[in-house]
Amino acid sequence: MLEFRPAIYQGGALYELPRPVRSLRLQEGWDFEQFKVPLRDGDQLTGHSQRGVEILLEGEIGSQGGELKLSEVEMLETLFELRDLLDVNGESSKYGLVLYRDVETAEYRRFKKCTTVEFEYDLSQPQLFTYSLVVHAEDPAIYQTDPASD
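Residues numbered from 1 in each chain as written. Predicted model: local features only at pLDDT ≥ 70, side-chain atom pairs only at ≥ 80, totals over all residues. Heavy atoms only, no water.

J.: Help me out: how do you make sense of the side chain of T78 in this one?
T.: Inspection of the secondary structure assignment puts T78 in helix α1 (residues 72–86). Note on T78: relative accessible area 2%, which makes it buried. Discounting chain neighbours no more than four positions away, the residues touching T78 are Y15, P18, I61, Q64 and K69. (Helix = DSSP H or I, 4+ residues; strand = E, 2+ residues; numbered from the N terminus. Buried < 20%, exposed > 50% of the residue type's maximum accessible area, 1.4 Å probe, protein only. Contact = heavy atoms within 4.5 Å.)

Right, here's the structure in full:
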């Protein structure tokens, strides 16, 4: 059964995002040309093509990979590990973003060719750090295959 388990797949490794992930929003858009003929009602659209997808996530550093993060130091180390993982500095460091997966059947719902647009984290509450992440997926398709099969 598919479960909501956001993770980053990079360099042959799957890294679960710190949990709980409180919000996941996807913004999809299309490009086109719009033409207007003078003295004629309406207009004409042509050349529709789908843009990449913006993925907005918000979460807390309560656990990561099934391990509780109870102290400020553990939460901070988790944030810095995630920060390093999200640093895309070239074509080879792009990653896959897994949204859902079934551990038993290796079924996924994921994006390929992802880059980090923005990573923000709040360290002001020592009991529970929060973060927000904006990811851009160049390829708008949602894949169902195991990322290791790419």
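The rest of the description comes next.
J.: Help me understand a negative patch on the surface in this model?
T.: There is a patch of like negative charges on the surface, built from E74, E77, E81, D84 and D87. On the accessibility criterion, E81 (43% relative accessible area) is partly exposed. (Patch = residues over 30% accessible without salt bridge, like charges linked within 9 Å, V, L, I, M, F, W, Y side chains within 5 Å. Areas by Shrake-Rupley, 256 points an atom, 1.4 Å probe, with all protein chains shown as cover. Salt bridge = Lys/Arg side-chain N within 4 Å of Asp/Glu carboxyl O. Lys, Arg positive; Asp, Glu negative; His and termini not counted. Charge placed at Lys NZ, Arg CZ, Asp CG, Glu CD.)

J.: Looking at this model, I keep getting lost on the nonpolar core. Mind explaining?
T.: Generally speaking, nonpolar side chains in soluble globular proteins are found buried as a group. Judged by nonpolar contacts, the single largest core of 24 residues is most densely connected at I8, I55, L82, L97 and Y131. Counting residues per element, the ones that place at least two in this core are β6 (53–64), α1, β8 (95–102), β9 (107–122) and β10 (130–137). A total of 5 residues in this core trace back to one element, the largest contributor, which is α1. (Core = buried A, V, L, I, M, F, W, Y, C linked by side-chain atoms within 4.5 Å.)

J.: In this structure, what is going on with the pattern of salt bridges? I would like to understand it.
T.: Close approach of charged atoms allows side chains of opposite charge to pair. Going through the model one piece at a time under the given rule, you end up with 11 salt bridges. Note that E67 and K69 form a salt bridge whose closest N and O atoms lie 3.9 Å from each other. Assessed through its relative accessible area of 15%, K69 is described here as buried. Look at the salt bridges and you will find they share partners, linking E3, R5, E16 and R101 into a network.

J.: When you look at α1 in this model, what are you seeing that I'm missing?
T.: Three- or four-residue spacings in an α-helix give side chains the same orientation, since the helix completes a turn every 3.6 residues. Taking 1.5 Å of rise per residue, the 15 residues of α1 would be expected to cover 21 Å, and the 21 Å separating its terminal C-alpha atoms lies within 8% of that figure. Within the sequence span of α1, burial applies to M75, T78, L79, L82, L85 and L86. Down the axis of α1, the buried set is contained in an arc of 125 degrees. They therefore lie on one face. Set apart from the buried face of α1 by more than 90 degrees, the exposed residues are V73, E77 and D84. Tucked into the core, α1 has its buried residues touching β1 (3–10), β2 (13–16), β6, β8, β9 and β10. (Expected span 1.5 Å × (residues − 1). Arc of directions from axis to C-beta.)

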